[in-house]
Amino acid sequence: QLQLVESGGALVQPGGSLRLACTASRSLNVFAIGWFRQAPGKEREGVSCITSADANTYYADSVKGRFTTSRDNAKNTVYLQMNGLKAEDTAGYYCAATIRDERCTDLLVKTFASWGQGTQVTVSS
């Protein structure tokens, strides 16, 4: 079974940057990897996704132009670079895997079968 571990969450000031990492227990070559976030009292929402083939990327409107996802298959790791952070970006961030590249663009929680435990990002002055 695929296991995912997120890292890199921290407390950061508004306007700051963080890079999250999602490291897998085995090869990620065939998986699309999504990043999701969940704030207290809110539903989990899709942030970004990167496909297995061609590494195409998709983003929620709320993070376009600020967040970038990338993958390093040799390291079994996917990254989420977050710039221009805002208070509303505060949430637990989770990575998740799906074999369905074609559903990457939907950023739907139900598409993703394997999940990490999450890492906390807090944006506050």
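The structure we're discussing is the one just above.
Quick caveat: nothing in here was measured; it's all calculated off a predicted structure. (Residues numbered from 1 in each chain as written. Predicted model: local features only at pLDDT ≥ 70, side-chain atom pairs only at ≥ 80, totals over all residues. Heavy atoms only, no water.)

Examining the pattern of salt bridges
Two side chains that carry opposite charge are able to pair once their charged atoms sit near each other.
Piece 1. Scanning all chains against the criterion turns up six salt bridges.
Piece 2. Here E45 ties to R37 by a salt bridge, and the two come within 2.7 Å at their closest N and O atoms.
Piece 3. The exposure class assigned to R37 is buried, which follows from its relative accessible area of 6%.
Piece 4. It is possible to trace a salt-bridge network through shared partners that takes in R37, E45, R66 and D89. (Salt bridge = Lys/Arg side-chain N within 4 Å of Asp/Glu carboxyl O. Buried < 20%, exposed > 50% of the residue type's maximum accessible area, 1.4 Å probe, protein only.)

Here we look at the environment of L80
Piece 1. Mapped onto the fold, L80 is located in strand β8 (residues 77-82).
Piece 2. The spacing of L80 and G34 is 46 residues in sequence and 9.7 Å in space, taken between C-alpha atoms.
Piece 3. Beyond its immediate stretch of four places on either side in the chain, L80 contacts L18, R19, L20, W35, V47, S48, F67, T68, T69 and Y93. (Helix = DSSP H or I, 4+ residues; strand = E, 2+ residues; numbered from the N terminus. Contact = heavy atoms within 4.5 Å.)

Digging into the side chain of T119
Piece 1. Take T119: it is sitting in strand β11 (residues 119-123).
Piece 2. You can call T119 buried: its relative accessible area is 12%.
Piece 3. Among the polar contacts listed, one links the side chain of T119 to the backbone nitrogen of G9, at a separation of 3.0 Å.
Piece 4. Aside from chain neighbours lying at most four places away, what touches T119 is E6, S7, G8, G9, L20, A91, G92 and Y93. (Polar contact = N/O pair within 3.5 Å; in protein donor to acceptor, adjacent residues only side chain to side chain.)

Some remarks on the nonpolar core
In globular proteins that are soluble, nonpolar side chains generally tend to be buried together.
Piece 1. Among the nonpolar cores identified, the biggest contains 35 residues, and I33, M82 and Y93 are the most heavily contacted of them.
Piece 2. Among the secondary structure elements, those contributing two or more residues to this core are β3 (18-24), β4 (32-38), β5 (45-50), β8, β9 (91-98) and β11.
Piece 3. Apart from residues no more than four positions distant in its own chain, Y93 is found in contact with E6, L20, F36, R37, V47, F67, L80, M82, G118, T119 and V121. (Core = buried A, V, L, I, M, F, W, Y, C linked by side-chain atoms within 4.5 Å.)

Describing the packing of aromatic side chains
Piece 1. Within this structure, the stated rule accounts for three aromatic pairs.
Piece 2. Where F36 meets W115, the ring centres are 4.9 Å apart and the plane angle is 50°; that geometry is what we call tilted. Of this pair, F36 sits in strand β4 while W115 is found in strand β10 (residues 114-115), placing the two residues 79 residues apart along the sequence.
Piece 3. Residue F36 is classed as buried on the basis of its relative accessible area, which comes to 0%.
Piece 4. A relative accessible area of 25% means that W115 is categorised as partly exposed.
Piece 5. Measuring from ring centre to ring centre gives 6.5 Å for F112 and W115, while their planes differ by 65°; the resulting arrangement is edge-to-face.
Piece 6. Exposure remark for F112: the relative accessible area of 5% places this residue in the buried category. (Phe/Tyr/Trp six-rings, centres within 6.5 Å; stacked < 30°, edge-to-face > 60°.)

Some points on the state of the cysteines
Piece 1. Here the structure, examined in full by the defined rule, presents two disulfides.
Piece 2. Here C49 engages in a disulfide with C104; their sulfurs sit 1.8 Å apart. Measuring handedness by torsion sign, the sulfur bridge of C49 and C104 sits at about -110° and is left-handed. Of this pair, C49 sits in strand β5 while C104 sits in the loop between β9 and β10, and the two are 55 residues apart along the sequence. (Disulfide = S-S within 2.5 Å.)

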